[in-house]
Amino acid sequence: MYDEPIFLKPVFQERIWGGTKLNTLFNYEIPNDKTGEAWVISAHENGPSQITNGELAGQTLKDAWEGHPELFNKAVDNHDAYPLLVKILDAADDLSVQVHPNDQYAQEVENEPYGKTECWYVLQAEEGAEIVFGHHAQSQEQFAEMAKAGDWDRLLRRIPVKAGDFIYVPSGTIHAIGAGIVILETQQSSDITYRVYDYDRTDDQGNTRELHLDSSIEVTRAPHRTPDIKQSLTKQDGLTVKKLVEEQYFTVYHWDLAGECSQTRDADFIQLSVIDGEAELTTNNKTFTLKKGNHFIIPATVDHYHLVGHAEFIVSHP
Ligand code: ZN
């Protein structure tokens with residue numbers, strides 16, 4: 001039986017707005033200097049991560065989901081596909097202003113299993129960095145009018161961010177990550193994006209990227225409402241756990257380990273990303289070294305594990 005954590009290798013995606021911080025911050029071997037995204041825990045067909053340890057080494061997380069349902073417990077019965085996707089994004093330049101559909105729209109219009117609700121933990125932000133989060137239109141009609149007129153300065157709602165901030169972005173929310181921001185994103189496993197505005201940018205062939213104004217108008221919630229999320233802080237021995245969000249699709253935590261603690265898996269499976277520091281994880285008499293930039297899953301075949309060290313994690317489960 002496969003009874004150890006499942007370590008995963010990131011898949012990199014080139015983006016017009018990408019940079020080199022995935023290398024400088026995480027030491028990843030990035031393919032070029034416009035690397036925008038590392039898909040670090042992914043079973044999505046557009047970039048499935050590869051397992052690096054144990055009997056399943058070389059298989060993708062998608063293979064494991066399909067071939068080894070015992071690793072994911074009841075999540076396999078409850079979902080059409082692996083439900084979550086974790087990414088790290090390096091925005092050297094502004095991302096396009098965009099919006100994602102909900103499940104129903106994704107299924108009916110795009111023939112995909114999932115829409116996209118996402119959330120961001122800000123790992124690094126330059127002085128003055130901002131995101132777009134929501135808009136100022138009072139109705140869908142007004143949103144359509146202002147978007148068609150290109151009245152972006154009055155339409156878009158901008159807010160400053162700093163390292164450690166957490167932003168929950170339900171489907172239907174207009175959003176964009178601004179230049180100078182590095183985030184860890186936990187989201188539904190979906191790759192459907194409707195681009196509202198791309199700052200009239202062109203690529204090195206002089207082409208602009210496609211916009212999807214009609215779909216955007218259809219799926220955008222108006223007026224904008226900032227969701228109310230209840231956060232909580234608990235301490236278990238050397239581990240301080242901050243619950244960042246608990247909602248329909250995922251629960252996400254920030255873990256701060258200073259010392260040691262014993263953990264019991266309390267979900268079908270758990271996704272962990274080490275965002276700082278170093279630690280050791282022991283389970284079933286095997287010890288694994290964890291360092292910043294490692295991403296892994298505690299599968300349903302691991303009930304208990306022990307952590308020692310000084311590290312920070314972003315942790316999530318469906
Ligand atoms: Zn998004």
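As a reminder, the structure under discussion sits directly above these lines.
All values reported here derive from a predicted model rather than from experimental measurement.

**Q** Would you explain helix 5 (residues 140-148) in this entry?
**A** In an α-helix there are 3.6 residues to a turn, and that puts residues three or four apart on one side. Among the residues of helix 5, those classed as buried are Phe143, Ala144, Met146 and Ala147. Packed against the buried residues of helix 5 are strand 8 (130-135), helix 6 (152-155), strand 13 (194-197) and helix 7 (213-219). Positive phi shows up at Gly150, right after helix 5, with a value of about 70°.

**Q** Looking at this structure, I do not really get the coordination of the zinc ion. What am I missing?
**A** Six octahedral donors around a metal ideally make angles of 90 or 180 degrees; four tetrahedral donors ideally make 109.5 degrees. Around the zinc ion, the donor atoms from the protein are His100 (NE2), Glu118 (OE), Glu118 (OE) and His175 (NE2), and they sit 2.1 to 2.6 Å away. Classification of the site at the zinc ion as irregular follows from its four donor atoms and the range of 51 to 126° in their angles at the metal.

**Q** Sorry if this is basic, but what is going on with the pairing of strand 12 (residues 181-188) here?
**A** For a regular strand, side-chain orientation follows a simple rule: the groups alternate between the two sheet faces. Burial analysis of strand 12 places eight of its eight residues in the buried class, which makes it a mostly covered element. As defined by bridge partners, strand 5 (residues 84-91) adjoins strand 12 across eight bridges and the pair is classed as antiparallel. Pairing of Lys87 across the sheet is with Glu185, part of strand 12. In the sheet, strand 7 (residues 118-125) pairs with strand 12 via seven bridges, with the strands oriented antiparallel. Looking at strand 12, one finds that Ala125 is bridged to Ile181.

**Q** Would you take a moment to explain the sheet that holds strand 5 for this structure?
**A** Two strands in a sheet stick together by hydrogen bonds in their backbones, pointing the same way (parallel) or opposite ways (antiparallel). The six strands are arranged 2-3-5-12-7-10 in an open sheet whose pairing can be described as antiparallel. Every other strand in the sheet has two partners, leaving strand 2 (11-19) and strand 10 (166-169) as the edge strands with one partner each. Here the average twist between neighbouring strands, direction ignored, is 25°.

**Q** Would you explain the pattern of salt bridges in this entry?
**A** Once their charged atoms are close, side chains differing in charge can pair, the charge on each being opposite to the other. Here the structure, examined in full by the defined rule, presents 15 salt bridges. One salt bridge in this structure joins Lys286 and Glu4, with 2.9 Å as the shortest N-O distance. Taken together, the residues Lys286 in strand 18 (residues 286-291) and Glu4 in the segment before strand 1 (6-9) connect sequence positions 282 residues apart. The exposure class assigned to Lys286 is partly exposed, which follows from its relative accessible area of 35%. By relative accessible area, which is 11% here, Glu4 ends up buried. Of the charged contacts, one joins Asp93 and Arg201 as a salt bridge, the two residues approaching to 3.4 Å between their closest N and O atoms. Here Arg201 lies in the loop between strand 13 and helix 7 and Asp93 lies in the loop between strand 5 and strand 6 (97-99), a separation of 108 residues in the sequence. According to the relative accessible area criterion, Asp93 is partly exposed, its value standing at 32%. Several salt bridges converge on common partners, so that one network encompasses Arg15, Glu37, Lys87 and Glu185.

Parameters and conventions
- Residues numbered from 1 in each chain as written.
- Predicted model: local features only at pLDDT ≥ 70, side-chain atom pairs only at ≥ 80, totals over all residues.
- Heavy atoms only, no water.
- Buried < 20%, exposed > 50% of the residue type's maximum accessible area, 1.4 Å probe, protein only.
- Helix = DSSP H or I, 4+ residues; strand = E, 2+ residues; numbered from the N terminus.
- Contact = heavy atoms within 4.5 Å.
- Donors = N, O, S within 2.8 Å, 3.2 Å for Na, K, Ca; no water.
- Tetrahedral: all angles 85-135°; square planar, octahedral: opposite > 155°, others 65-115°.
- Pairing = 2+ DSSP bridges.
- Axes fitted to C-alpha atoms, helices over the stretch in contact; angles between N-to-C directions.
- Salt bridge = Lys/Arg side-chain N within 4 Å of Asp/Glu carboxyl O.

Bear in mind that shape data such as this cannot, by itself, settle questions of function.
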